Amino acid sequence: MRTKIIAGNWKMNLTLTESTKLIHQLNFSSDNENIRVLVIPPFTNLEAIKRLLKNKNSKIEVAAQNLHHSVSGAYTGEISARMLKDIGVDTAIVGHSERRTLFAENDETISLKASSALSQNLEIIYCFGESLIQRKRGIHFEIIARQLDDLIHKFETQYWRYGKIILAYEPVWAIGTGQTASKEQAQEMHQFIRHLIGKEIGEDLATKTPILYGGSVKPENATELFQQPDVDGGLIGGASLNADSFNLIIQSIAENC
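Notes on the structure follow. Since we're looking at a predicted model, the values are computed, not measured.

### Some points on the pattern of salt bridges
No. 1: What the rule picks out here adds up to 16 salt bridges.
No. 2: Of the charged contacts, one joins Arg135 and Glu130 as a salt bridge, the two residues approaching to 2.7 Å between their closest N and O atoms. For the pair formed by Arg135 and Glu130, the shared burial category is buried.
No. 3: Between Arg194 and Asp230 there is a salt bridge, with the nearest N and O atoms lying 2.6 Å from each other. Note that Arg194 is positioned in helix α10 (residues 183-201) and Asp230 in the loop between α12 (219-226) and β8 (233-236), a separation of 36 residues in sequence.

### Concerning the packing of helix α1 (residues 16-25) against helix α2 (residues 46-55)
No. 1: Contact geometry for α1 and α2: axes closest at 10 Å, N-to-C directions at 25 degrees. Relative to α2, the element α1 is oriented roughly parallel. Crossing of α1 against α2: the hand is right-handed. Between α1 and α2, the contacting residues are Leu16, Ser19, Thr20, Ile23 and His24 on the first element and Ala48, Ile49, Leu52 and Leu53 on the second.
No. 2: Residue classes in the contact of α1 with α2 are distributed as 6 nonpolar, 3 polar and no charged.

### Quick word on the nonpolar core
No. 1: Within the largest apolar cluster, 65 residues are counted, with the highest numbers of intra-cluster contacts made by Val39, Tyr126, Leu148, Leu167 and Ile193.
No. 2: The element contributing the most residues to this core is α10, with 6 residues.
No. 3: In this view, Tyr126 contacts Val94, Arg100, Ile110, Ala114, Gln147, Leu148, Leu151, Ile166, Leu167 and Ala168; residues no more than four positions away in its chain are not counted.
No. 4: If you look at the next biggest cluster of nonpolar residues, it comprises 12 residues, including Ala7, Ile93, Leu212 and Leu235.

### Some details on the environment of Leu248
No. 1: Tracing the backbone shows Leu248 in helix α13 (residues 243-255).
No. 2: Owing to a relative accessible area of 42%, Leu248 belongs among the partly exposed residues under this scheme.
No. 3: Along the sequence, Leu248 and Pro229 sit 19 residues apart, while their C-alpha atoms lie 20 Å from each other.

Calculation notes
Residues numbered from 1 in each chain as written. Predicted model: local features only at pLDDT ≥ 70, side-chain atom pairs only at ≥ 80, totals over all residues. Heavy atoms only, no water. Salt bridge = Lys/Arg side-chain N within 4 Å of Asp/Glu carboxyl O. Buried < 20%, exposed > 50% of the residue type's maximum accessible area, 1.4 Å probe, protein only. Helix = DSSP H or I, 4+ residues; strand = E, 2+ residues; numbered from the N terminus. Axes fitted to C-alpha atoms, helices over the stretch in contact; angles between N-to-C directions. Parallel < 35°, antiparallel > 145°, perpendicular 65-115°, else oblique. Left-handed = near helix turned anticlockwise from the far one by under 90°. Contact = heavy atoms within 4.5 Å. Nonpolar A, V, L, I, M, F, W, Y, C, P; charged D, E, K, R; others polar. Core = buried A, V, L, I, M, F, W, Y, C linked by side-chain atoms within 4.5 Å.

Here it is as structure tokens:
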């Protein structure tokens, strides 16, 4: 059985005080080893939230929103994989749609970041997705295949084998817009992704790789999305900032395990 994952990406939201309050309001104590819950705070809150969760003996994990592709250097304002590992953060998002659209990160840049993270033994949540124009033109499968090309063909199979790669399909047209892919659209794309992985690196690894859906997931649509056979959880944005909403989404994934 594939691991089911809920990851709450807080983006540039929540002060440390607000983050601490939210953590105290989250409910996750499942003994099911096939369920993981992650929170992804701003860099300024990472170490404190990591410490708080450890003191609470919580099973919730902490991940980072981004990283630089170099281990160190004269890159003002950037954070490296080595720095994240040093404070006990073992997972990082790579290639989020907002990094692609707002900060002009292309497939090459994202590939370098993924390589750096994996080389430092970080797990990655690798994001990709098509725009509304691309979907309307009917080239969404082609776009997704292109965005996954480096990850599939240039990275060592061991990273897939040892579970260091989590995929997150996030249709750009559904990020923060209130629009959500239908359960059929989500399943169709997730099935395509899994088939693509299976064809290129093996069915066994494709079967084991978690593929998350990201794009205006909320309590009202979480259950029907998570019931799809190839949807293994969600990368949650706005709904993860509210304890009631996030708890309901966590409950939805637990009910589908």
